Amino acid sequence: MKFLTGGLLRRQAVALANGCFSASYSRSPLASDGPVTVTDDGVYLRLEGALSPSEQPLILHPTWLRDHCRCSQCYDSNTFNKLVDIGKVAPNVRPKETRFADDKLHVTWPDDHRSVYDLRWLRTNVYGASSRSDAAGEYCRLEWNGAFSSVSLWKSVVDFGDYMRSEEALGAALRSVVANGFAVLKNVPRTDEGLVQAAERICPLRPGFFGRIFNFGRHMLHPIRSEPLEGERMAHHADQTYLTEPAGLKLVQCVETNAKFTMSLVDGFDAARRLRERNEEAYRTLSTVPVESEFVDGEHHYVTRDAILKHDASGRNLLQVRYNDYYRSPAATVPVSRDRKSVV
């Protein structure tokens, strides 16, 4: 079995997947049954009537608007890099003129610079916008929870040739990664080059200390015994928990097997959800108490501390399930005051 240990960052895959199928989903459509009014109250701009009577007005601060101008002088649309230093934007800047037309907000600034903002972009990206969600692609992530059908698996299978030639096939594979957590490529050449080609079709590899390709076999289940015991297996785990930022995507290719070999996948996000429903305190413990993991590779000793259930900065969205009992160091970070039932 070959592992591509360089890995790919999940956020890159999500961004690419969204780019490949951005037209395949829709948010609330723009309503055209009423005029949009722009009001300057001396502090904010208020856009009312933009989408539907039930939605709140869009409140925009002029400094935020000027900082987010998307014209070619202020923003590089090829690299998504800002070209304006926010420190040079006056904190009390006020629009010279505003108007709304063709679902766009047009603003002229005191220096006669002109900015145009698409209404859908504003509603998606303005501070506090719920439509943006806290992590790209969260809108379509599916938990398996026993309902993962053969039809869903079939939709996750993409032919390697199509994947390499077609943007549509690439998009299908990435949609499956974002929604299901994995995709299956069939007919991949059983060579290191074939595996690397499959990875680099998405984005450049991230170097790993095992090299670009890591070969794993049954003989590695126990590093001391030359012959593993019959029925010995490697338990379910998340890889690279000893790194601050493990590879978000890993490509695995089975090049040789026998009838006794099986490989299974576990939906850690579904397991975390079930834990939260059954034991909120245990979930909170795994989300807040840092656990130390370590790994020694020759002369290098890797150590990091993080929660097993790692959330984003808002604390609402689960990003990683960092469970690996093989790499777990002594539990010196667990407070003595913790109830044993919430720790074990």
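Description of the structure in this document. (Residues numbered from 1 in each chain as written. Predicted model: local features only at pLDDT ≥ 70, side-chain atom pairs only at ≥ 80, totals over all residues. Heavy atoms only, no water.)

What about the overall build of the protein?
Counting its secondary structure elements, the protein contains 10 helices and 17 strands. By residue count, 35% of the 344 residues in the protein fall in the buried class. A sequence separation of at least 24 residues applies to 63% of the contacts in the protein between residues at least 6 apart. Here the protein displays about 21200 Å² of accessible surface, and carbon together with sulfur accounts for 52% of that area. (Helix = DSSP H or I, 4+ residues; strand = E, 2+ residues; numbered from the N terminus. Buried < 20%, exposed > 50% of the residue type's maximum accessible area, 1.4 Å probe, protein only. Contact = heavy atoms within 4.5 Å. Areas by Shrake-Rupley, 256 points an atom, 1.4 Å probe, with all protein chains shown as cover.)

A look at unusual backbone geometry
Notably, Asp102 is not glycine yet its phi reads approximately 55 degrees, a positive angle. Among the secondary structure elements, Asp102 is positioned in the loop between strand S7 (97-101) and strand S8 (104-108). The exposed category is assigned to Asp102, whose relative accessible area is 70%. Phi at Gln240 is positive, roughly 60 degrees, even though this residue is not glycine. If you trace the backbone, Gln240 turns up in the loop between strand S12 (214-215) and strand S13 (249-253). Owing to a relative accessible area of 10%, Gln240 belongs among the buried residues under this scheme.

Describing the pattern of salt bridges
Oppositely charged side chains are able to pair whenever their charged atoms sit close together. On inspection of all chains with the given rule, the structure shows 15 salt bridges. In this structure, Asp112 and Lys96 form a salt bridge, with 2.8 Å as the shortest nitrogen-oxygen distance. Pair noted here: Asp112 is in the loop between S8 and strand S9 (114-118) and Lys96 is in the loop between strand S6 (81-82) and S7, with a separation of 16 residues, a long-range link. A salt bridge links Arg305 to Glu292, with the shortest nitrogen-to-oxygen separation between them at 2.9 Å. With Arg305 in strand S15 (residues 300-307) and Glu292 in strand S14 (residues 290-297), this residue pair connects regions lying 13 residues apart in the sequence. (Salt bridge = Lys/Arg side-chain N within 4 Å of Asp/Glu carboxyl O.)

With respect to the state of the cysteines
All chains considered together, the criterion is met by 0 disulfides. The thiol of Cys69 is unpaired, and the distance to the nearest cysteine sulfur, on Cys71, comes to 3.6 Å. (Disulfide = S-S within 2.5 Å.)

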